[in-house]
Amino acid sequence: ETGVTQSPTHLIKTRGQQVTLRCSSQSGHNTVSWYQQALGQGPQFIFQYYREEENGRGNFPPRFSGLQFPNYSSELNVNALELDDSALYLCASSSQKRGSGNTIYFGEGSWLTVV
Amino acid sequence: QKEVEQNSGPLSVPEGAIASLNCTYSDRGSQSFFWYRQYSGKSPELIMFIYSNGDKEDGRFTAQLNKASQYVSLLIRDSQPSDSATYLCALGGYQKVTFGTGTKLQVIP
C-alpha cells in the first residue's frame, strides 16, 4: 500500500468522449505525476503537478490536461478519446526536493478502454 | 537509442536460483535509478533505488550500479515463484522518471 488512491479503477469509453481520472496523493507528498502504460510497455510520463501548476510535460498532445488541488489531489482529463488512449493510467506521488531522482510511488491505476 | 534498455525476456530461472536482471541507459548525467516490480494486471511497485556506484542490498534483492558503463542490474537471490513478474528499470529526473519496457521473470517451481 502506497497511500496513493485512484478512481475509477476500470472504465470503458467511446471514441470521441471525454474522461476524468482522479488521484489522491500519499500523505506528506506535494507532487503528483501521471503516467500512461500501454500493454507491454513501460509507463510513459504525461505530466507533473507541483503547487497546483504543471511542472513538466511529456510527449502528449494538449487534449491531455490536468489539475492539482490545494490538498495535492489531482485530476487527469483526456478529451476526444482515441482508440490508442486505451491503457493503464498511473498516478504517482512524490515529495518535491532539490536535485534529481525523486522517488515516486504509484497508485493502483485506472484501466481505460476506448471502444 | 532508447533512454533505458532492457531485455524483454522472458527470463526463466528455477526456484532457489539467482535471477539477474540488467538495464543500460543512455544519459550519462543520470543520478538516480530505480527498480519496480509489476505483477500482471497490477501497478508498478518500488523495490529498490540506488544513487551511488556499487551494490545496495535489501533482503534477497541487490541493486548494482556502474555509472561508467551506464549499467544497472538487479539480483534476486533464492528466487521464489512469487517473484514471477515484470521488472521495470527506471531513471530518475527532476520532473519525470523514465522507464524501460521491463523484463519478464518466470521462476519455475
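Sequence positions are assigned chain by chain, starting from 1 and proceeding in written order. Each chain takes a letter, starting from A, and each ligand takes a number, starting from 1, following the order in which they are written. The model is predicted, so local features are restricted to residues of pLDDT at least 70 and side-chain atom pairs to those at 80 or more, both for listing and for counting; the totals for chains, interfaces and linings are taken over all residues. Heavy atoms throughout the structure, all of them, feed into the side-chain values; hydrogens and water do not.

Enquirer: Talk me through the pattern of salt bridges; I want residue IDs and the actual numbers.
Expert: By salt bridge we mean one thing: a side-chain nitrogen of Lys or Arg within 4 Å of a carboxyl oxygen of Asp or Glu. According to the stated counting rule, one finds 7 salt bridges over all chains in the structure shown. Close ionic contact of Arg 63 of chain A with Asp 85 of chain A constitutes a salt bridge, the shortest N to O distance being 2.8 Å. Of the two residues, Arg 63 of chain A sits in the loop between β6 (53–57) and β7 (64–68) while Asp 85 of chain A sits in the loop between β8 (74–78) and β9 (87–94), which places them 22 residues apart along the sequence. With a relative accessible area of 17%, Arg 63 of chain A lands in the buried category. Among the ionic pairs, Arg 37 of chain B bridges to Glu 45 of chain B, the shortest N-O distance being 3.0 Å. Within this structure, Arg 63, Glu 82 and Asp 85 of chain A form a network of salt bridges that share partners. Numbering of helices and strands starts at the N terminus; helices are DSSP runs of H or I of at least 4 residues and strands are runs of E of at least 2. Here's how the labels work: a residue is buried when its accessible area is under 20% of the maximum for its type, exposed when over 50%, partly exposed in between, all with a 1.4 Å probe on protein chains only.

Enquirer: Tell me what's going on with the sheet that holds strand β3 (residues 19–24) of chain A, and back it up with residues and numbers.
Expert: All names here are of chain A. On the basis of which strands lie adjacent, the open sheet formed by 4 strands has the order β1-β3-β8-β7 and antiparallel pairing. Two strands bound the open sheet, and with one partner strand each, they are β1 (5–7) and β7. Neighbouring strand axes in the sheet, compared pairwise and without regard to direction, differ in orientation by 15 degrees on average. Pairing between β3 and β8: 5 bridges, direction antiparallel. Bridging across to β8, Cys 23 finds its partner in Ser 74. By the convention used here, strands pair only if DSSP detects at least 2 bridges between them. Each axis is a line fitted through C-alpha atoms, taken for helices only over the stretch in contact, and angles between the N-to-C directions span 0 to 180 degrees.

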